[in-house]
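Topology and contacts: notes
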Amino acid sequence: MLHPATPDDLDDLAAFLRAADLTVAALAEPAVRLWLDRDDAGAVRASTGFELGTDGEHALVRSVAVRPDLRGTGSGLRLARFALDRAADAGARQAWLFSRRSGGFWQRLGFERTTTDALAAALPDAHQVLLFRSTGQLDRETAWHRPLPVRARFAA
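A brief look at the structure comes next. Along every chain, residues carry numbers that run from 1 in the direction the sequence is written. Two thresholds apply to this predicted model, a pLDDT of at least 70 for residue-level local features and 80 or more for giving and counting side-chain atom pairs, whereas whole-chain, interface and lining totals are computed over all residues. Hydrogens and water are ignored here; the side-chain numbers use all heavy atoms of the structure.

Below, the discussion takes up the overall build of the protein chain. Numbered from the N terminus, helices here are DSSP runs of H or I no shorter than four residues, and strands are runs of E no shorter than two. Scanning the protein chain for helices and strands turns up five helices and eight strands. Radius of gyration: C-alpha atoms only; globule rule: 2.2 Å multiplied by the number of residues to the exponent 0.38. For 156 residues, the compact-globule estimate of 2.2 N^0.38 gives 15 Å, and the C-alpha radius of gyration of the protein chain, at 15 Å, lies within 12% of that figure. C-alpha atoms of the protein chain, sized along the principal axes, occupy 45 × 40 × 30 Å. The 156 residues of the protein chain split such that 46% are buried. Contacts between residues were defined by any pair of non-hydrogen atoms, one from each residue, lying within 4.5 Å. For the protein chain, the share of sequence-separated contacts (at least 6 apart) that also reach a separation of at least 24 residues comes to 65%. Computed with the Shrake-Rupley method and a 1.4 Å probe, the accessible areas treat only the protein chains shown as cover for residues. For the protein chain, the accessible area works out to roughly 8,300 Å², and carbon and sulfur atoms hold 50% of it. Charged side chains of the protein chain number 20 positive and 20 negative; the gap between the two group centres comes to 5 Å. For every residue, the accessible area (1.4 Å probe, protein chains only) is compared with the maximum for its type, and the residue is labelled buried under 20%, exposed over 50%, or partly exposed between those bounds. Neither His nor the chain ends is counted toward charge; the positive residues are Lys and Arg and the negative residues Asp and Glu. To locate a charge, take atom NZ for lysine, CZ for arginine, CG for aspartate or CD for glutamate.

Here we come to the side chain of Asp9. Residue position: Asp9 is located in the loop between strand S1 (3-4) and helix H1 (10-19). Distance and chemistry together define a polar contact, namely a pair of N or O atoms within 3.5 Å, with one atom able to donate a hydrogen and the other to accept it when in protein, and with adjacent residues in sequence counting only for side-chain atoms on both sides. Among the polar contacts listed, one links the side chain of Asp9 to the side chain of Arg38, at a separation of 3.0 Å. In this structure Asp9 touches His3, Pro4, Leu36 and Arg38, once residues within four positions along its chain are discounted.

Along the chain, the position of Asp37 falls in strand S2 (residues 32-38). Judged by its relative accessible area of 11%, Asp37 is buried. A distance of 2.6 Å separates a polar atom in the side chain of Asp37 from a polar atom in the side chain of Arg45. Discounting chain neighbours no more than four positions away, the residues touching Asp37 are Met1, Leu2, Ala43, Val44, Arg45 and Ala46.

Moving on, we get to the pairing of strand S6 (residues 94-98). Moving residue by residue along a regular strand, the side chains alternate between the two faces of the sheet. Counting buried positions along S6 yields four of five residues, so the element is predominantly enclosed. Two strands are counted as paired when DSSP detects at least two bridges linking them. For strand S4 (residues 58-61) and S6, the ladder comprises three bridges, and the chain directions are parallel. The residue bridging Ala59 from the neighbouring strand is Ala95, located in S6.

Now for the pairing of strand S3 (residues 44-52). Most of S3 is tucked away, with eight of its nine residues classed as buried. One ladder, built from seven bridges, connects S2 with S3; its direction is antiparallel. Residue Arg38 lies in a different strand from S3, and its bridge partner there is Val44. In this antiparallel pair of consecutive strands, S2 and S3, the connection spans five residues, and Gly42 shows a positive phi of 95 degrees. Looking at chain direction, S3 and strand S5 (residues 65-66) are connected through two bridges and run antiparallel. In the sheet register, Ala46 faces S5, and the bridge partner there is Val66. Bridge analysis of S3 against S4 gives three bridges, and the strand direction is antiparallel. In the sheet register, Leu52 faces S4, and the bridge partner there is Ala59. In this structure, the hairpin formed by S3 and S4 is closed by a connection of five residues, where Gly56 is found at a positive phi of approximately 75 degrees.

Set out below in structure tokens:
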């Protein structure tokens, strides 16, 4: 079962994401919202999350990963949908992500390829964007985008 990542989870989560060849930058930052699932032995078996942009309209999906033995079970799709739903619940109207290897997976969720310039313009202060710019990796990335459903907000 997914639970929000706590500071005590971050070392294990970072090791899990590194093993999946995903970015571990800024996992502890307040704008980065992460969830994970552990197996009965306490090992991380899945993660998902997003970084909400400073404008609140854009979210960068990140850290969506499952352990290799869970691939092909639909777990990745459930994790991605979870992150998209939580981003929409947080008020985001547009979802973005970087993925060089998993385009077909993201297309199944309604993502379309876009430019890294468009992603960087929408999320100029996102930690992954800043990292990729500073390292020169931004131009080597592949960016994806999709709109999110508008969630009704009710005043209390």
